[in-house]
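Below, each chain spelled out in residue letters.
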Amino acid sequence: MSVLAELTGNVGTMGYGLAAIGPGIGVGIVFAAYIQATARQPESAGLTRTYLFLGFALSEALAILGFVVPFIIT
Amino acid sequence: MSAAAVLASECPPGDPGFCPPSVLEFYPEPLATFDVLGIHFAITRITIILWLATALMVFFFISAVRNPKLVPDRRQWMGESAYSFVRDGVAREVIGSEGLRYAPYLAALFFFIVVNNIMGIIPFAQIPPTGRFAFPVVLAGITYVLFNWIGIRQQGLGPYFKNNLFPPGVPKPLYLLITPIEFASTFLFRPFTLAVRLFANMLAGHLLLAIFAAGTVYLFTVGNFSVIFAPVSFAMAVVMTFFELLVQVLQAYVFVVLTSTYISGAMEEH
C-alpha cells in the first residue's frame, strides 16, 4: 500500500505542541478559580493556596511529560 | 572551556552547526566503576553532587539542633522554621493531628528533594540528581509502600482494599467500570505519576537551561548576523534560571503534599 500522507522531521516537537493544549487550559482554569475565590472572599486566600499549587503542578505535569517523552524515546 | 567540553550531545562529526545538548547530559563519564554481586555501580559527578547536597542538608539540620536553647539563636531558629514549614504547613494541614508522627519522613523527603533539585541551578554543579529517573522512583516507591502499609495496618487488609476498590454509594452495576479504574488509579498511577512528575520536571528544566546556555555561546561564536540574538538567548537563560528555582521548590512541595494526601486518604475510615 503506498503512503498517502507523511509527516517528517521532528515529530516530538509536534507532539509537545499538541500536548501543551490541555494543560495550558487546565492551568488557566486553576488560577482563574483561585483568583475568583480570593476576589469573593479574600480571607480564604491562605486556605486555598495549597490547592492552587497542587492543581498547578498536577496540570503542568502533563505538559512536562509531553516535553520529556520525545527525549526519552530517542 | 569550550561549550562542547561541558555539555553532552550526540554531535555528528564534521561541522554540524548548532548541536544542542541532549539527555546524554544525565549520563556523564563515570569517575569510578565497580561491581558488587553482579550489579554494576558507577560513581559519576552526579553521584558526587548528590552526596554533597545531602551531606550539606543533613549537616545543617544536625548543627541546628545541637545545644538547643530556650531562646533560639539564628541557626536553631532557621532549622526549626524549616522543619515546622513541613510539620505544620503540610503534615498538620493535610493529615491532621495524627499526621505529626509522619512529619519526620515528610520533612526529610521535602528537604532531600528540594536540595537536590536546587543543585540544578547552583554553579559548578548545575545538574539536578533528581533528574536521574532512579531517584524519584525510589522516593515514590517508599511513599507507595508507606501509604499502603498505613492503610492496611489501620483498616485491615480486606477492608482497606474494599474501601479503595469499591467506593461506597455507587450503584452495583457501575462497580464493573469503577473498580478497575480505581485499582489502576490508586495502585498503579499514583506512584508512577509521583515519580515521573518530579523526574520530568527536572529533566525538562535542565535541558531548557542547557539549551539556552549552549545557544548563547553558539550565537556569540558563529560569526554572522545571528549574534544579535545572543543577548536574547542569554536573557532567556537568566529568566529560566529563576523560573527553574520556582519549579524546583514547587515540585518538592507538591511531592510532599501528594504524599501526605495519600497517607491521609489511607488513614481515613469509611
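Quick summary incoming for the structure in this document. (Residues numbered from 1 in each chain as written. Chains lettered and ligands numbered in written order. Predicted model: local features only at pLDDT ≥ 70, side-chain atom pairs only at ≥ 80, totals over all residues.)

Here's the deal with the overall build of chain B
- Secondary structure summary: chain B contains eight helices and two strands in total.
- Moving toward the C terminus, one meets the helices and strands of chain B in the order α-β-β-α-α-α-α-α-α-α.
- Structurally, chain B occupies a C-alpha span of about 70 × 60 × 45 Å along its principal axes.
- When burial is assessed residue by residue, chain B has 30% of its 270 residues classed as buried.
- Across chain B, the fraction of contacts at a sequence separation of at least 24, relative to all contacts at a separation of at least 6, is 59%. (Helix = DSSP H or I, 4+ residues; strand = E, 2+ residues; numbered from the N terminus. Buried ≥ 20, exposed ≤ 12 C-beta atoms within 10 Å, placed from the backbone. Contact = placed C-beta atoms within 7 Å.)

Notes on helix α5 (residues 134-155) of chain B
Residue and element names in this part refer to chain B.
- Helix length check: α5 (22 residues) gives 31 Å between terminal C-alpha atoms against 32 Å at 1.5 Å per residue, within 8%.
- Among the residues making up α5, those that are buried are Phe135, Pro136, Leu139, Ala140, Thr143, Phe147 and Gly151. Across the axial projection of α5, the buried residues extend over an arc of 130 degrees, all falling on one side. What points out from α5, more than 90 degrees from its buried face, is the exposed set Ala134, Val138, Val145, Trp149 and Arg153. (Expected span 1.5 Å × (residues − 1). Arc of directions from axis to C-beta.)

A few points about the interface of chain A and chain B
- With 12 residues of chain A at the contact, the number on the chain B side is 16 residues.
- Taken together, the residues of the side of chain A that touches chain B break down into 10 nonpolar, two polar and no charged. (Nonpolar A, V, L, I, M, F, W, Y, C, P; charged D, E, K, R; others polar.)

Here's the deal with the environment of valine 27 of chain A
Residue and element names in this part refer to chain A.
- For valine 27, the location among the structural elements is in helix α2 (residues 21-40).
- Sequence-wise, valine 27 and leucine 52 are 25 residues apart; in three dimensions their C-alpha atoms are separated by 9.6 Å.
- Valine 27 has contacts with Phe56, Ser59 and Glu60, leaving out every residue within four places of it along the chain.

A closer look at the nonpolar core
- Membership of the largest hydrophobic core comes to 58 residues, with the highest contact counts inside it found for Leu106, Phe110, Phe255 and Val256 of chain B.
- Counting only elements with at least two residues in this core, the list comes to α3 (45-72) of chain A together with α2 (45-65), α3 (74-95), α4 (103-118), α5, α7 (175-221) and α8 (230-267) of chain B.
- When residues in this core are grouped by element, the largest group, 15 residues, is from α7 of chain B.
- Setting aside its immediate chain neighbours within four residues, leucine 106 of chain B contacts Val86, Val90, Ala91, Val256, Thr259 and Ser260 of chain B. (Core = buried A, V, L, I, M, F, W, Y, C linked by C-beta atoms within 7 Å.)

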